[in-house]
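Structure assessment
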Amino acid sequence: EAVDGPRWALAQWDGIPQEVGEYVDQAAPAEGASYWLEASTGGDKGSWYGPATLAPIEVPQQLQLSSGCPNPFNPRTAISYGLPQSTHVNLAVYDQRGRRVRTLMDSVVAAGEQVVDWDGKDDRGQPVASGTYVARLVTEQGIRSSKLTLAK
């Protein structure tokens, strides 16, 4: 579900090597903010960690799709895309004949920069052959595509 107001992603998490989280602070300053986080186990006393430095998420002005990093790749590549607003995203990889090889994303995604990994496998989990593939991003804002080269 989309949330109005500034969005902040965890940029630095001092003190605990755990999952990166997301938090929305309607009153956060534009330059970022630091917070202390409490890990609660449901008892009276929680553990405090911090400071966690939060930085603003950059929201692109238009739909963007990268050509993968690295590219050429073996066996994985990171495909990044930018959304100007929250929308339904379909990101899939196609072979040179136009057949869908793998669906990487098919859901509603928040505005901002996103990254999806492709491990060079098809939807059945089988490795695909070396060659050139096309990543195709379809959203309500438009369609973008980029070439990916798997070099074994």
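Just so you know, these numbers come straight off a predicted model, no measurement behind them. (Residues numbered from 1 in each chain as written. Predicted model: local features only at pLDDT ≥ 70, side-chain atom pairs only at ≥ 80, totals over all residues. Heavy atoms only, no water.)

This next bit is on the overall build of the protein. Counting secondary structure elements, the protein contains zero helices and 11 strands. Along the protein, helices and strands appear, N-terminal first, in the series β-β-β-β-β-β-β-β-β-β-β. For the protein, the proportion of its 152 residues judged to be buried stands at 32%. In the protein, the share of contacts with a sequence separation of at least 24, taken over all contacts with a separation of at least 6, comes to 48%. (Helix = DSSP H or I, 4+ residues; strand = E, 2+ residues; numbered from the N terminus. Buried < 20%, exposed > 50% of the residue type's maximum accessible area, 1.4 Å probe, protein only. Contact = heavy atoms within 4.5 Å.)

This paragraph deals with the sheet that holds strand β9 (residues 112-118). Taken together, three strands build an open sheet; the order of strands is β5-β6-β9 and the sheet is antiparallel. Taken across any chain shown, the strands that pair with only one partner, and hence form the sheet edges, are β5 (64-65) and β9. Looking at chain direction, strand β6 (residues 77-83) and β9 are connected through seven bridges and run antiparallel. Counted as the bridge partner of Ala78 is Asp117 from β9. (Pairing = 2+ DSSP bridges.)

This brings us to the packing of aromatic side chains. Counted under the stated rule, the structure contains two aromatic pairs. Their ring planes at 70° and their centres at 5.5 Å tell us that Trp118 and Tyr133 sit as a pair that is edge-to-face. Placement of the pair is Trp118 in strand β9 and Tyr133 in strand β10 (residues 131-139), with a sequence separation of 15 residues. Using a relative accessible area of 0% as the deciding quantity, one classes Trp118 as buried. Three or more aromatic residues joined by ring pairs make a cluster, and in this case those are Phe73, Trp118 and Tyr133. (Phe/Tyr/Trp six-rings, centres within 6.5 Å; stacked < 30°, edge-to-face > 60°.)

Right, let's get into the pattern of salt bridges. Per the counting criterion, the structure on display carries four salt bridges. In this structure, the salt-bridge partner of Asp95 is Arg99, at a minimum N-O distance of 2.8 Å. A residue is classified by how much of its surface remains accessible, and Asp95, at 14% relative accessible area, is buried. Accessibility expressed as a relative area gives 47% for Arg99, which makes it partly exposed. (Salt bridge = Lys/Arg side-chain N within 4 Å of Asp/Glu carboxyl O.)

With that settled, consider the side chain of Thr77. Among the secondary structure elements, Thr77 is positioned in strand β6. Take Thr77: its relative accessible area is 1%, and that puts it in the buried class. A polar contact of 3.0 Å, which involves the side chain of Thr77, links it to the backbone nitrogen of Cys69. Within the structure, the side chain of Thr77 is placed 2.7 Å from the backbone oxygen of Pro70, a separation counted as a polar contact. Excluding anything up to four places from it in sequence, Thr77 contacts Gly68, Cys69, Pro70, Val116, Asp117 and Trp118. (Polar contact = N/O pair within 3.5 Å; in protein donor to acceptor, adjacent residues only side chain to side chain.)

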